[in-house]
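Secondary and tertiary structure notes
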Amino acid sequence: MSTAERDAAAAQQVGEEQRALDAMHARVEAERAERIAARATVLARTPEDASESVTREAEAHRFQERIRQLEAAVHALCFGRIDPSGGGRGLHIGRIGLRDAHGETLLVDWRAEAARPFYAATPAEPLGLRRRRHLRLQGRTIEDVSDEILDGSAPLPGDLVGDGPLAEALSGARTGRMREAASTLQAEQDRIVRSPHRGITVVDGGPGTGKTIVALHRAAYVLYAWPAIAGRGVLVHGPNRRFLRYISDVLPSLGENDVQLATLEDLVGEQATRSEPHRIARLKGRAEFADLLAAAVRAHQVRAEPITLRTAHGTATLPATVVEAARRTALQDDRGHEPARAVLLETLVDDLVHELEEAAAQEEAEFEHELATQLGLDLDRAVAGDLGRLGPTTAASPAEDIDWDLIQADLLEDPGLAQQVTALWPVLRAADLLRDVLADLPALRAAFPDAPAADLESIAASAHDRGWTIADLSLLDEARALVDGPPPHVFGHVVVDEAQQLSPMHWRAIMRRCPERSMTIVGDLAQAGPTTSVRSWVDALAPFVEDRFEHRTLTINYRTTAEILEATRPLLARIAPEQRLSTSIRHGQAPQQVAAGAAGLDAALRELVAQLTAEHPGELIGVITRADAVVDVEAAVIGAPDARGLEFDTVIIVDPAGIEAAGEAGPRDLYVAMTRATRRLISLVPGE
Ligand SMILES: Nc1ncnc2c1ncn2[C@@H]1O[C@H](COP(=O)(O)OP(=O)(O)OP(=O)(O)O)[C@@H](O)[C@H]1O
């Protein structure tokens, strides 16, 4: 085809696709108007009772959800099309599903089963497709189409075989925000995103292989495909606020606003205001703390002493054995120490009422016996005989005349009884419990015989310092679960990103929020930070699910150029010899090394940033330093341990040897730093 012919064919195809897209937009507008009217009608209904009011709200909410989806979808509404081999109607693929007024499909949601071939078909396995078409949009205008012929047939005049859109998606400058990739999800990613496995899926792979992309699109898929799980909420858990900000646009631009993005601080509802050495944080992350905290709570739940209570209906005494049985009842069901006190009280009140009832019945029996002896009559039989003549009923004894329900209610409020119950089951506060556990040096020594004495002493010495460290927050969450019961919010599906960062105690805080164990866990153990001791997914997950999880590995790197990736090879061989380097699809310059010279690192850095900004306007520069370095420069400055998950066009690593030497995780921090750049990697080294 000549260039002129191709241009003419392209113009015609773009025109056809534009007409189809216009029809979809018109339908979006029409459906939106219909739904707004329907919602107004529902809300105008006056509910007759509470259940109708709930139904009304639920219906209105459903309309609102769809209205929101329709509004969110208008940007790049449709991005692809698939055409079957042997003719037949093609299907347009886009952000949402749309039908016209007659119920005919106009657009298929990218998450629908019918859209799967768009992602999965290859020339080797075309899945019944002849052609896959990608549409490039600018707002509501189609700018270009690009086709792949999958079944080996010769291109027809309307086919516009060209570069795939992936290259284009990857070629733009970074914006500091991650973009959604529904139109360019690759086959190995898509298989994970729409996997039917509802339990735990672990996805690993080297830096830049799309783990975060997969995790976020998986969240969107779960919301679409599994309404029951979606109804219980989806959580995306990330390591820090900066990272969550970086990914925060992706789900809304996929039309999903109902996903909660949260760090550990968000989940626990406390800020970490104190820092501590990584060594100490690592120690505080160990699972032994769960046992220590549980033992500390149990120590407050052991008393079972007799209870004596004077009431208007007599004095009741419960022997220690009965109190012990009530204590055991309270301990059932892991409801937390504080909620369990109410159960203990209720059980003891039942026992007391029973005791009082027995005493009243006994007293009455004795009274009757005495009367009968005195009168020579069997009172019961005489009364029953009299009543028998009146009709079929039994005699109410005076003991039954007493309103035991009222007595029970009174006892539940009785301050004297409450006092005795609190003596058996003292009031605990999670924060105090945790501080007491951290301060208990002999218990720490017994639980961590392998830990350096100085580290344990340091934990104990700072136990009552104001504020919390990050590692404390997982411990606090554990203490709260033991003291106050399970967290108020749990989720139907939880996505964990940068999962290699989680300590065993942190894992417990996450698992607590996902009782159904439906999770997507993504991470790379070679990027593990300084505070975690977890070195395999089995180590991390076995305490919760043994080996019942699926494990997938991504292999293609979409971020880092092949040249940069190659430069990480020796480092990767040292930190994770079992890992293979992923395959990069980008090419660029080899990494550079710049010596700071006599002016020093700071001055050299400022000059380098100024030069790069002038040479590459609009591109994003990230300066990665040692965690404790202070630099003042016009660029995003990130301490190496916080660089996980982020990406920039150019990365300047300040003093890489210093980062590598900074502690046990230094080499892994440097590996993370080296794999953040999409175009240029520059190492700024001190000296001439
Ligand atoms: N299918 C895709 N289409 C377009 N861009 C993609 C695709 N997959 C990945 N990318 C891009 O590649 C880059 C790396 O992806 P992502 O951050 O998900 O990788 P990662 O495996 O989580 O990396 P890291 O381990 O370093 O955190 C991002 O810019 C992402 O948008």
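What counts and how
In every chain, residue numbers begin from 1 and rise along the written sequence. Local features in this predicted model are restricted to residues of pLDDT 70 or higher, and side-chain atom pairs are both shown and tallied only at a pLDDT of 80 or more, whereas totals for entire chains, interfaces and linings draw on every residue. The side-chain numbers reported here are obtained from all heavy atoms of the structure, hydrogens and water having been left aside. For two strands to be treated as a pair, DSSP must find at least two bridges joining them. Per the convention used, a helix needs a DSSP run of H or I reaching at least four residues, while a strand needs a run of E reaching at least two, with both numbered from the N terminus. Pairs of residues are marked as contacts when any of their non-hydrogen atoms sit within 4.5 Å. Axes, fitted as lines to C-alpha atoms, cover a helix only where it is in contact. Angles between the N-to-C directions of the axes lie from 0 to 180 degrees. A pair of Phe, Tyr and Trp rings is counted when the ring centres sit within 6.5 Å of each other, with Trp represented by its six-membered ring. The angle between the planes then sorts it: under 30 degrees is stacked, over 60 is edge-to-face, the rest tilted. For a ring to carry a charge above it, either NZ of a lysine or CZ of an arginine must fall within 6 Å of the ring centroid while also lying within 35 degrees of the normal to the ring plane. The buried label applies to any residue whose accessible area, calculated with a 1.4 Å probe on protein chains only, is under 20% of its type's maximum; exposed applies above 50%, and partly exposed to all values in between. The sense of a crossing depends on the near helix, which, turned anticlockwise from the far helix by less than a right angle, makes the crossing left-handed and, turned clockwise, makes it right-handed. Residue polarity is assigned by list, with Asp, Glu, Lys and Arg as charged and Ala, Val, Leu, Ile, Met, Phe, Trp, Tyr, Cys and Pro as nonpolar; anything else, Gly included, falls into the polar class. Whether a residue is near a molecule or strand depends on its heavy atoms: it is near if one of them lies within 4 Å of it. Side-chain atoms alone can form a polar contact between residues adjacent in sequence; in general such a contact is a pair of N or O atoms within 3.5 Å, and within protein one must be able to donate a hydrogen while the other accepts it. Here the accessible surface of atoms and residues is derived via Shrake-Rupley with a 1.4 Å probe, and residues count as covered only by protein chains that are part of the display. Put simply, a nonpolar core is a bunch of buried Ala, Val, Leu, Ile, Met, Phe, Trp, Tyr and Cys residues held in one set by side-chain atoms that sit within 4.5 Å of each other.

**A short note on the sheet that holds strand β4 (residues 105-109)**
Pairing is mixed across the open sheet formed by six strands, whose spatial order is β3-β4-β2-β1-β5-β6. In the strand order of this sheet, the two ends are held by β3 (98-99) and β6 (141-149), each with one partner. As defined by bridge partners, strand β1 (residues 78-84) adjoins strand β5 (residues 129-138) across five bridges and the pair is classed as antiparallel. Residue pairing across strands places glycine 80 opposite histidine 134, the latter belonging to β5. The strands touched by helix α1 (residues 3-44) are β1, β2 (91-94), β3, β4, β5 and β6; relative to β6, the strand with the most contacts, the crossing angle is about 120°.

**Remarks on the packing of aromatic side chains**
Under the defined criterion, the tally for this structure stands at four aromatic pairs. Each ring, one from phenylalanine 79 and one from phenylalanine 118, has its centre 6.1 Å from the other, and the planes form 50°; the classification is tilted. Note that phenylalanine 79 is positioned in strand β1 and phenylalanine 118 in helix α3 (residues 116-120), a separation of 39 residues in sequence. Between phenylalanine 289 and phenylalanine 448, the aromatic rings sit 5.1 Å apart at their centres with planes inclined by 45°, giving tilted as the arrangement. Of this pair, phenylalanine 289 sits in helix α12 (residues 288-298) while phenylalanine 448 is found in the loop between α20 (441-447) and α21 (453-461), placing the two residues 159 residues apart along the sequence. Sitting over the ring of tryptophan 468, arginine 435 keeps its end group 3.9 Å from the ring centre.

**Quick notes on the environment of proline 591**
Along the polypeptide, proline 591 turns up in the loop between β16 (583-586) and β17 (592-595). Considering only alpha carbons, one finds proline 591 and glutamine 501, 90 residues apart in sequence, at a separation of 27 Å. With sequence-adjacent residues up to four places away left out, proline 591 is seen in contact with Glu563, Ile564, Ala567 and Leu681.

**A few points about unusual backbone geometry**
Residue alanine 76 is not a glycine yet carries a positive backbone phi of 50°. Position of alanine 76 among the secondary structure elements: in the loop between α2 (50-72) and β1. Positive phi, close to 70°, is recorded for aspartate 333, a residue that is not glycine. For aspartate 333, the location among the structural elements is in the loop between α13 (320-331) and α14 (337-375). According to the relative accessible area criterion, aspartate 333 is exposed, its value standing at 63%.

**Here we look at the packing of α13 against α14**
Here α13 crosses α14 at 145°, and the two axes come no closer than 8 Å. In terms of crossing hand, the pair formed by α13 and α14 is right-handed. Every residue of α14 that contacts α13 at Val322, Val323, Ala326, Arg327, Thr329 and Ala330 is listed here: Ala340, Val343, Leu344, Thr347, Leu348 and Asp351. Considering only residue class, the contact of α13 with α14 consists of eight nonpolar, two polar and two charged.

**Points about the sheet that holds strand β21 (residues 677-685)**
Ordered by their spatial adjacency, five strands build an open sheet running β17-β21-β20-β18-β19, and the pairing between neighbours is parallel. In this open sheet, the two edge strands, each paired with only one partner strand, are β17 and β19 (636-639). The sheet shows a mean angle of 25° between the axes of neighbouring strands, direction not considered. Pairing geometry for strand β20 (residues 648-654) and β21, over six bridges, is parallel. Counterpart to valine 651 in the pairing with β21 is leucine 681. In the packing of helix α27 (residues 601-615) onto the sheet, the strands contacted are β18 (621-625), β20 and β21, and the crossing angle to β21 comes to about 155°. Of the strands in this sheet, β18, β20 and β21 touch helix α29 (residues 666-674), which is tilted by about 145° from β20.

**Considerations on the pairing of strand β7 (residues 200-205)**
Burial analysis of β7 places six of its six residues in the buried class, which makes it a mostly covered element. Residues Ile200, Val202 and Asp204 line one face of β7 and the alternating positions Thr201, Val203 and Gly205 line the opposite face, and both faces are buried. Both β7 and strand β14 (residues 549-554) contribute to a ladder of six bridges, which runs parallel. Each bridged residue has a counterpart across the sheet, and for isoleucine 200 the counterpart in β14 is phenylalanine 549.

**Examining the site of the ligand**
Every one of the 24 residues lining the ligand counts as a neighbour, but Thr184, Lys211, Arg559, Glu647 and Arg676 are closest to it. Between the ligand and arginine 174, the relevant distance is 3.3 Å, taken from an oxygen atom to a side-chain nitrogen or oxygen of the residue. Against a free-state accessible area of 620 Å², the protein chains account for coverage of 96% of the ligand. Counting residues per element, the shell around the ligand draws most heavily on helix α6 (residues 211-225), which supplies three residues. For the shell around the ligand, the residue count by class is eight nonpolar, 10 polar and six charged.

**A few points about the nonpolar core**
One finds Ile93, Trp110, Val236, Ile247, Leu251 and Ile653 to be the most contacted residues of the largest nonpolar core, which totals 65 residues. Looking at this core element by element, the count peaks at nine residues for α6. Residues Phe289, Ala290, Ala463 and Leu476 belong to the second largest nonpolar core, which totals 33 residues.

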